[in-house]
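# Secondary and tertiary structure notes
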Amino acid sequence: DTGIRQYLEALNQLTRAGSRPTMLVVGGGTLLSDSQDYVSQHNLAVTFHDWVPEVMDYIPRGRVLCAGGYLSILEGAICARPMIVFYESPIDRKST
């Protein structure tokens, strides 16, 4: 999810404001290492799970789903989870 950094930055802001939020990140990918570094630098309460065979086993357990893709939005809707959605598509950008 390309929005992972934005979600972690929001979690960091909540933590600095005195809240004690936790986050479970399911899935790996090219942003995993950078995300783990950010979490470590800011001492955030985040647990990372690499690839899982069935993400639908995790979604119903969460209070809020952070989604960034069409499929994850559909999965959240199926499970009736409130969602925070960050979506950015390179197709939407105009080239110069």
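Described below are features of the structure shown in this document. None of the values given here were measured: they were computed from a predicted structure.

Right, let's get into the overall build of the chain. Scanning the chain from terminus to terminus reveals three helices and four strands. Taken from the N to the C terminus, the helices and strands of the chain come in the order α-β-α-β-β-α-β. Counting over 96 residues, the chain shows a buried share of 24%. Relative to all contacts within the chain whose residues are 6 or more apart in sequence, the contacts with residues 24 or more apart total 38%.

Here we come to the packing of helix α1 (residues 4-16) against helix α2 (residues 32-42). Between α1 and α2, the least distance of the axes is 10 Å, while the angle of their chain directions is 10 degrees. Classified by the angle their axes make, α1 and α2 are roughly parallel. Between α1, through Ile-4, Arg-5, Leu-8, Glu-9 and Asn-12, and α2, the contact on the second element is made entirely by Ser-35, Tyr-38, Val-39 and His-42. Partitioning the contact of α1 with α2 into residue classes produces four nonpolar, three polar and two charged.

Side chains of strand β1 (residues 23-26) alternate between two faces, with Met-23 and Val-25 buried and Leu-24 and Val-26 left unburied. With four bridges connecting them, β1 and strand β2 (residues 46-49) associate as parallel partners. Each residue of the ladder has a partner; that of Val-25, found in β2, is Phe-48. In this view, the connection linking β1 to its parallel neighbour β2 by way of α2 has right-handed handedness.

So, about the side chain of Asn-12. Residue position: Asn-12 is located in helix α1. If we ignore the near neighbours within four places in the chain, the residues touching Asn-12 are Tyr-38, His-42 and Leu-44.

So, about the packing of aromatic side chains. This model, assessed by the stated rule, comprises zero aromatic pairs. In this arrangement the basic side chain of Arg-61 is found over the ring face of Tyr-58, its NZ or CZ atom lying 4.8 Å from the centre.

Cut-offs used in this document
Note that residues are indexed from 1 along each chain, following the sequence as it is written. Where local features are concerned, this predicted model is filtered to residues with pLDDT of at least 70; where side-chain atom pairs are given and counted, the filter is 80 or more; whole-chain, interface and lining totals use all residues. Heavy atoms throughout the structure, all of them, feed into the side-chain values; hydrogens and water do not. A run of DSSP states H or I qualifies as a helix once it reaches four residues; a run of E qualifies as a strand once it reaches two. Both are numbered from the N-terminal end. Exposure is judged per residue with a 1.4 Å probe applied to protein chains only, and the accessible area is read against the type maximum: over 50% gives exposed, under 20% gives buried, and values in between give partly exposed. The contact criterion used throughout is that any non-hydrogen atoms of two residues lie within 4.5 Å. Only the contacting stretch of a helix is used when fitting its axis, a line to C-alpha atoms as for every element, and angles between N-to-C directions run 0 to 180 degrees. Orientation is classified from the angle alone, with under 35 degrees giving roughly parallel, over 145 giving roughly antiparallel, 65 to 115 giving roughly perpendicular, and any other angle giving oblique. Note on residue classes: Ala, Val, Leu, Ile, Met, Phe, Trp, Tyr, Cys and Pro are nonpolar, Asp, Glu, Lys and Arg are charged, and everything else, Gly too, is polar. Following DSSP output, two strands are said to pair if at least two bridges run between them. If you view a crossover with the strands going away from you and the path from the first strand over the helix to the second runs clockwise, you call it right-handed. Pairing of aromatic side chains here covers Phe, Tyr and the six-membered ring of Trp, requires ring centres within 6.5 Å, and sorts the geometry by plane angle: under 30 degrees stacked, over 60 edge-to-face, intermediate tilted. A ring is considered to have a charge above it if a Lys NZ or an Arg CZ atom is located within 6 Å of its centre and within 35 degrees of its normal.

Shape descriptors only; they carry no functional weight alone.
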